[in-house]
Amino acid sequence: MNVFESIRIAMRALAANKLRSTLTMLGIIIGVGSVIALMSIGRGAQKYVTDQFAGLGSNLLFIAPGQLSDGPPQERSNIKLLTLGDMQAIGDRANVPDVKAVSAEFNSRATVTRAKKDMQAEVHATLPTYRDVINWDVAQGSFLTQNDFDEHARVVVLGADAYTKLFEPNEYPLDQIVRVNNLPFRVIGVMVKKGGGLGGNQDEGIFVPLTTAQDRLFKQKTVSGEYQVNVIYASVVSEDRTADATDEITTLMRERRKISYLSGDDFSIISQSDVISVFGSILGALTVFLGAIAGISLLVGGIGIMNIMLVSVTERTREIGLRKAVGAKRRDVLLQFLVEAVTLSLVGGSLGIALGVSGATSITLAFQSFQAVVGFDAIATAFLFSMAVGLLFGIYPAYRASRLNPIDALRYE
């Protein structure tokens with residue numbers, strides 16, 4: 001018996017029990033669909049994180065207080081914050097020749113209200129240079145100016161979602177008044193929609209001059225009256241100078257913070273590639289983990305195939321005896337039942353691929369800022385694995401069928 005004849009007989013046998021065949025394939029369909037959908041979502045998350053940081057440019061350094069990489073996390077009260085003076089020193093080309101631009105910000109939460117609408121927003125107390133260093137444009141109006149900073153002006157720039165929550169659709173926001181922690185601020189701009197970030201949805205934030213925030217909202221100054229910041233952004237002259245810029249900033253900051261030679265740094269300098277690498281590794285491991293969990297349902301589907309094939313062998317015992325009586329060899333019977341098992345897996349795998357791709361596409365359509373990445377390797381892996389499951393779990397029933405004695409099989413009732 002050739003393979004094509006075995007496939008024809010297998011399809012006829014499966015068609016004779018449509019409901020049973022469909023229920024048997026259900027585990028394979030769900031398994032393959034889950035593997036493809038979850039791996040696509042995981043890869044989409046990796047791409048999303050990479051794109052978020054790539055949008056900032058490829059040569060940005062983040063300087064933050066405390067050590068973020070080694071040892072147990074430090075108590076917030078023990079962390080010595082950075083200052084506006086630190087930012088200005090880093091921005092001085094005489095101190096750090098490989099840095100072309102700097103900015104800084106102090107972040108805190110505040111209640112923002114307008115009329116009867118209110119929201120909890122992340123307040124970015126920052127400088128006029130922030131927009132250019134972070135590479136974030138304004139959709140309406142303008143960003144903070146040096147005059148706003150110098151005069152401690154009570155002006156605010158809204159994130160795209162903050163504008164949506166505080167204003168009616170298509171309502172003109174410029175020169176309108178919103179209250180931040182019950183203090184009135186005049187709206188001078190609305191940012192372009194950017195999407196999520198490390199700290200959550202960036203579009204729900206608002207931007208105010210650092211001087212205004214420190215004097216009127218949060219009052220976070222040093223005893224000497226210096227303005228404190230949570231993070232300093234340094235834009236390097238070129239990507240290949242990132243390591244040199246990091247060394248220069250490290251030397252400068254150790255001098256400014258009077259850190260002794262043998263003591264460790266009490267600040268961290270992180271490059272975009274570091275952040276992308278860490279998040280890529282985490283999300284890559286998570287993607288594999290999700291795929292492995294989904295693969296368990298493929299094994300469950302394989303057990304279902306074995307169960308049904310054993311039932312099929314029992315039901316068709318007389319047929320097997322008759323085939324052997326007219327000259328079919330053991331390998332012919334073995335091949336016939338193996339083909340049936342693999343056919344179940346392949347049909348189920350094909351339907352599972354359609355289900356997985358549809359699921360990934362639905363996720364992409366539901367969340368416009370997120371795109372699930374359907375990879376050919378994920379499809380091929382899931383499909384080949386489903387075929388292997390059918391082959392593996394079909395061996396025992398096929399072997400059992402091939403070992404039947406034709407005389408005993410013909411007598412079977």
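Just above sits the structure.
Cut-offs used in this document
Residues numbered from 1 in each chain as written. Predicted model: local features only at pLDDT ≥ 70, side-chain atom pairs only at ≥ 80, totals over all residues. Heavy atoms only, no water. Helix = DSSP H or I, 4+ residues; strand = E, 2+ residues; numbered from the N terminus. Contact = heavy atoms within 4.5 Å. Areas by Shrake-Rupley, 256 points an atom, 1.4 Å probe, with all protein chains shown as cover. Core = buried A, V, L, I, M, F, W, Y, C linked by side-chain atoms within 4.5 Å. Buried < 20%, exposed > 50% of the residue type's maximum accessible area, 1.4 Å probe, protein only. Pairing = 2+ DSSP bridges. Phe/Tyr/Trp six-rings, centres within 6.5 Å; stacked < 30°, edge-to-face > 60°. Axes fitted to C-alpha atoms, helices over the stretch in contact; angles between N-to-C directions. Parallel < 35°, antiparallel > 145°, perpendicular 65-115°, else oblique. Left-handed = near helix turned anticlockwise from the far one by under 90°. Nonpolar A, V, L, I, M, F, W, Y, C, P; charged D, E, K, R; others polar.

**Thoughts on the overall build of the chain**
The secondary structure content of the chain amounts to 13 helices and 14 strands. Sequence-distant contacts, at least 24 apart, represent 77% of the contacts inside the chain between residues at least 6 apart. On the chain, roughly 20800 Å² of surface is accessible, and the fraction owed to carbon and sulfur atoms is 59%.

**Quick notes on the nonpolar core**
Among the nonpolar cores identified, the biggest contains 50 residues, and Ile90, Leu158, Ile206, Leu210 and Ile249 are the most heavily contacted of them. Broken down by element, this core gets its largest block of residues, 6 residues, from strand S3 (residues 99-114). Among residues more than four places away in sequence, those in contact with Ile90 are Ile63, Val96, Val99, Val102, Ile232, Ala234, Ile249, Leu252 and Met253.

**Side note on helix H7 (residues 210-217)**
Where burial is concerned, most of H7 is hidden: 7 out of the 8 residues are buried. Every buried residue of H7 is listed here: Leu210, Thr211, Thr212, Ala213, Gln214, Asp215 and Leu217. Positive backbone phi, approximately 50 degrees, marks Lys219, located one or two places after H7.

**A word on unusual backbone geometry**
Here Ala115, not a glycine, exhibits a phi torsion of approximately 55 degrees, which is positive. In this fold, Ala115 is placed in the loop between S3 and strand S4 (117-126). Of the residues examined, Ala115 reaches a relative accessible area of 78% and is grouped as exposed. A positive phi is found at Lys258, a non-glycine position, where the angle reads about 55 degrees. Looking at the secondary structure, you find Lys258 in the loop between helix H8 (242-256) and strand S14 (267-271).

**Some details on the pairing of S14**
A large share of S14 lies buried, amounting to 4 of its 5 residues. Note: strand S1 (residues 60-65) against S14, 5 bridges, orientation antiparallel. Within S14, the position partnered with Ala64 by the bridge is Ser268.

**A word on the packing of aromatic side chains**
Working definition: an aromatic ring pair is given by the centre-to-centre distance plus the angle between the planes. In this structure the tally under the stated criterion is 8 aromatic pairs. Arranged with centres 6.3 Å apart and planes meeting at 15 degrees, the rings of Tyr130 and Phe143 form a pair that is stacked. Taken together, the residues span a long stretch of sequence, with Tyr130 in helix H4 (residues 130-134) and Phe143 in the loop between strand S5 (138-141) and helix H5 (146-150) at a distance of 13 residues. Judged by its relative accessible area of 3%, Tyr130 is buried. Its relative accessible area of 5% is what places Phe143 among the buried residues. Three or more aromatic residues link up through ring pairs in this structure, and these residues are Phe62, Tyr130, Trp136, Phe143, Phe207 and Tyr233.

**Focus: the packing of helix H11 (residues 330-366) against helix H12 (residues 376-402)**
Contact geometry of H11 with H12 gives a least axis separation of 7 Å together with a crossing angle of 155 degrees. Relative to H12, H11 is oriented roughly antiparallel. Classified by chirality, the crossing of H12 by H11 is right-handed. A breakdown of the residues in the contact of H11 with H12 according to their chemical character gives 18 nonpolar, 7 polar and 1 charged.

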